[in-house]
Amino acid sequence: MTSSIRDITYQLRQGHLIALADETGWSVAADPLSDVAVGQLLTLTPTGTWPTLLIDQARQLSLYLTTVPDIAWDLVEFAENPLTVVYEGGKNLAPAFLTNRPLIAIRRALSPEVVRLIGGFGKGLLTIPLESKTLSDAIASAVTDRFGNPPVPVQLPRIMQLGVNGEIKFLRK
């Protein structure tokens, strides 16, 4: 049985972790304001993986960044392929996430299902991108439910860092 967006948003609001499939494969998602859920999410983070805030539209950037470089709006709005942008100065996220993290990775969801989920939830989702078509047993046992189906093939996002003055550095092309 597939859970509805309403069921998934309820579970997220209760502090549960959700397995989320989009164009980049599976991720584990949590409410970015829930300190407990974010703490659990961070314990699942594989080495070398960026916890990523998933948003549904560019205007959400100002909710989560202290300073939004001018070029950021266009990068996020017009990306046709998955693009994760790493910014300086996150805000409005759980203290468990912001503590000792001067950078925040943000990606706009491209999957229509996931965009509707984020819109129904009313805020971004903090995710651990697994970039895989399958879930490990450890991840599957840590999540409450699953949402979506990963595509074949999975599209790995480009990852770039954007400085407050618009400086660009590619971390993965």
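You'll find the structure just up there.
What you are looking at is a predicted structure, and each value in this text was computed from that prediction instead of being measured.

A. Main features of the nonpolar core. Residues L17, L61, Y87, I104 and I106 are the most contacted members of the largest nonpolar core, which totals 37 residues. Counting residues per element, this core draws most heavily on helix α2 (residues 35-43), at four residues. Every residue in contact with I106, bar those within four places of it in the chain, is listed here: T52, L53, I55, L61, Y64, L65, L83, T84, V85 and Y87. Listed in part, the 13 residues of the second largest apolar core include I8, A109, I118 and F147.

B. Up close: α2. Taken residue by residue, α2 has A37, V38, L41 and L42 as its buried positions. Buried residues along α2 cover an arc of 135° about the axis, so they all sit on one side. Among the exposed residues of α2, those oriented more than 90 degrees off its buried face are V36 and T43. Where α2 is buried, its residues contact β2 (25-30), α5 (95-98) and β6 (125-129).

C. Layout of the pattern of salt bridges. For the structure shown, the criterion picks out four salt bridges. Between D31 and K123 there is a salt bridge; the shortest N-O distance is 3.2 Å. You can see D31 sitting in the loop between β2 and α2 and its partner K123 sitting in the loop between α6 (112-121) and β6, a full 92 residues away along the chain. For the pair D31 and K123, one class covers both residues: buried. The salt bridge involving R172 is made with E131; its shortest N-O contact spans 2.7 Å.

D. Up close: α6. Turning to α6, its buried residues are V114, L117, I118 and F121. Relative to the axis of α6, the buried residues are bounded by an arc of 95° and lie together on one face. Residues of α6 that are exposed and point more than 90 degrees away from the buried face comprise P112 and R116. Those residues of α6 hidden inside the fold are in contact with α1 (5-13), β1 (18-22), β3 (52-55), β6 and β7 (145-147). Where α6 terminates, the next one or two residues include G122, which has phi positive at roughly 85°.

E. Seen up close, the environment of G163. When you line up the elements, G163 lands in the loop between β8 (158-162) and β9 (168-172). If we skip the residues at most four places from it in the chain, G163 touches P69 and E88.

Analysis parameters
Residues numbered from 1 in each chain as written. Predicted model: local features only at pLDDT ≥ 70, side-chain atom pairs only at ≥ 80, totals over all residues. Heavy atoms only, no water. Core = buried A, V, L, I, M, F, W, Y, C linked by side-chain atoms within 4.5 Å. Buried < 20%, exposed > 50% of the residue type's maximum accessible area, 1.4 Å probe, protein only. Helix = DSSP H or I, 4+ residues; strand = E, 2+ residues; numbered from the N terminus. Contact = heavy atoms within 4.5 Å. Arc of directions from axis to C-beta. Salt bridge = Lys/Arg side-chain N within 4 Å of Asp/Glu carboxyl O.

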